[in-house]
Amino acid sequence: MRITVCCTDTKVPPWLEGLRAAIPGAEVEEWRPGAPQADHAVVWAPPQQFLDEQPRLKGIFNIGAGVDALVKLRLPPQAVVVRLDDAGMSVQMAEFVCHYAIRFFRELDGYEADTAAGKWSFRRPRPRADFPVGVMGLGVLGQRVAQALAAFEFPVRGWSRGAKEVAGVECFAGTEQFDAFLSGTRILVNLLPLTADTEGILERRTLSRLQPGGFLINVARGAHLVDADLLALLDSGHLAGAVLDVFREEPLPAGHPFWSHPKVVVTPHTSARTLRDESIAQIARKIRALEEGKPIAGVVDRHKGY
Ligand code: NAP
Ligand code: GLV
């Protein structure tokens, strides 16, 4: 079996070594133009030339959860496209989101500023009921995040495309329930995939529907957010703050207003990292299953785009 690896922005040699060790007998090489046809590909944001030169791939394994950069390309029609299915990401995402939701709710920035200035001061505890959290996207990551927030006793609501039941989470579905979802939300967490339906969804109308003093945590994709609309709502005071892990252009360009805005925290697309060992083990398991004609989880629906 031949496996080709074509991952941009990635240190490739450890992936080659790991895949060789996990699938003994497989020929695993980094793709170069003109390389022979492979059976399976392990990719991150590959160029179109790669796919054009590998028309008979059986499986294309994305080393991230989001496949927006991949499904934009012309893909071999018979290839099964597979996203990372958790592989250690959901616990990282839960840590990240809970950390920033709790920081905001408990006013920890304010406490740190006070003690840094030598001030021993208290703020009145705020009722948790006044901080309902809404999670957009109840997939692999969204469900884990929603349940982690519920474990801290936040009122949690979630929004997905199809109707869902998630223990401890009030669930909303579809465009018809979007406004009801938003109007009961104060802290909004975005964990949607980037598709034609969701691009630009975090715009003025959406963000204005949040409860006053709202807070945005965008950990999905930068193109979900209309940057100018967020800045306007932060400046008007309707929103109290935002944590942004993802951006339309990454790295976030020097001089972008998000870098210096006092109500914005910027993190460098790090909320849930691909963990190499877990990911290699998962991909190797799935390649073996595909070869044996067994079903696998995490297959992308090309029509939906996630
Ligand atoms: P997933 O399992 O595919 O879940 C996606 C969820 O979004 C599903 O619940 C889906 O609804 C919902 N959804 C999709 N389109 C919708 C629409 N038009 N309206 C309402 N709901 C919609 O994805 P995941 O693994 O949780 O990952 C989510 C995203 O996180 C990824 O696509 C990626 O962009 C991002 N991500 C970011 C980082 C980071 O470090 N910042 C790391 C990993 C992933 P249904 O369940 O009804 O289909
Ligand atoms: C990271 O952003 C991913 O999609 O895995």
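Structural data are supplied above this passage.
Residues numbered from 1 in each chain as written. Chains lettered and ligands numbered in written order. Predicted model: local features only at pLDDT ≥ 70, side-chain atom pairs only at ≥ 80, totals over all residues. Heavy atoms only, no water.

A short note on the site of ligand 2
Line of reasoning, step 1. Neighbouring ligand 2 are W44, G64, A65, G66, M89, R221 and H269.
Line of reasoning, step 2. Here G66 contributes a backbone N or O atom positioned 2.7 Å from an oxygen atom of ligand 2.
Line of reasoning, step 3. R221 is positioned with one of its side-chain polar atoms (N or O) 2.8 Å from an oxygen atom of ligand 2.
Line of reasoning, step 4. Calculation on ligand 2 without its partners gives an accessible area of 190 Å², and the protein chains cover 86% of this total.
Line of reasoning, step 5. Residues belonging to the shell around ligand 2 are distributed by class as follows: 3 nonpolar, 3 polar and 1 charged. (Near = heavy atom within 4 Å. Polar contact = N/O pair within 3.5 Å; in protein donor to acceptor, adjacent residues only side chain to side chain. Areas by Shrake-Rupley, 256 points an atom, 1.4 Å probe, with all protein chains shown as cover. Nonpolar A, V, L, I, M, F, W, Y, C, P; charged D, E, K, R; others polar.)

Section: the site of ligand 1
Line of reasoning, step 1. Taken together, 30 residues sit near ligand 1, with R83, L141, G162, K164 and Y306 positioned nearest.
Line of reasoning, step 2. In the model, an oxygen atom of ligand 1 is placed 2.5 Å from a nitrogen or oxygen of the R83 side chain.
Line of reasoning, step 3. The contact in question runs from an oxygen atom of ligand 1 to an N or O atom on the side chain of Y306, over 2.6 Å.
Line of reasoning, step 4. Its free accessible area being 940 Å², ligand 1 has 92% of it covered by the protein chains.

Considerations on the pattern of salt bridges
Line of reasoning, step 1. Applying the stated rule across the entire model yields 18 salt bridges.
Line of reasoning, step 2. A salt bridge links E30 to R32; its shortest N-O distance comes to 3.5 Å.
Line of reasoning, step 3. Across the salt bridge formed by R157 and E170, the nearest N and O atoms sit 3.3 Å from each other. In this pair, R157 sits in strand β7 (residues 156–160) while E170 sits in strand β8 (residues 170–173), placing the two residues 13 residues apart along the sequence.
Line of reasoning, step 4. On the basis of relative accessible area, E170 is assigned to the partly exposed category, the value being 45%. (Salt bridge = Lys/Arg side-chain N within 4 Å of Asp/Glu carboxyl O. Helix = DSSP H or I, 4+ residues; strand = E, 2+ residues; numbered from the N terminus. Buried < 20%, exposed > 50% of the residue type's maximum accessible area, 1.4 Å probe, protein only.)

A closer look at the sheet that holds strand β3 (residues 40–44)
Line of reasoning, step 1. With parallel pairing, 5 strands are arranged side by side in an open sheet as β2-β1-β3-β4-β5. With one partner strand each, in any of the chains shown, β2 (27–30) and β5 (80–82) form the two edges of the open sheet. For this sheet, the mean angle separating the axes of adjacent strands, direction not counted, is 20°.
Line of reasoning, step 2. Pairing between strand β1 (residues 2–7) and β3: 5 bridges, direction parallel. Looking at β3, one finds that C7 is bridged to W44.
Line of reasoning, step 3. Against the sheet, helix α1 (residues 12–22) makes contact with β1, β2 and β3, and its axis sits at roughly 175° relative to β2, the strand it touches most.
Line of reasoning, step 4. On the sheet, helix α11 (residues 276–291) packs against β1, β3, β4 (59–62) and β5 and is oriented at approximately 165° with respect to β4. (Pairing = 2+ DSSP bridges. Axes fitted to C-alpha atoms, helices over the stretch in contact; angles between N-to-C directions. Contact = heavy atoms within 4.5 Å.)

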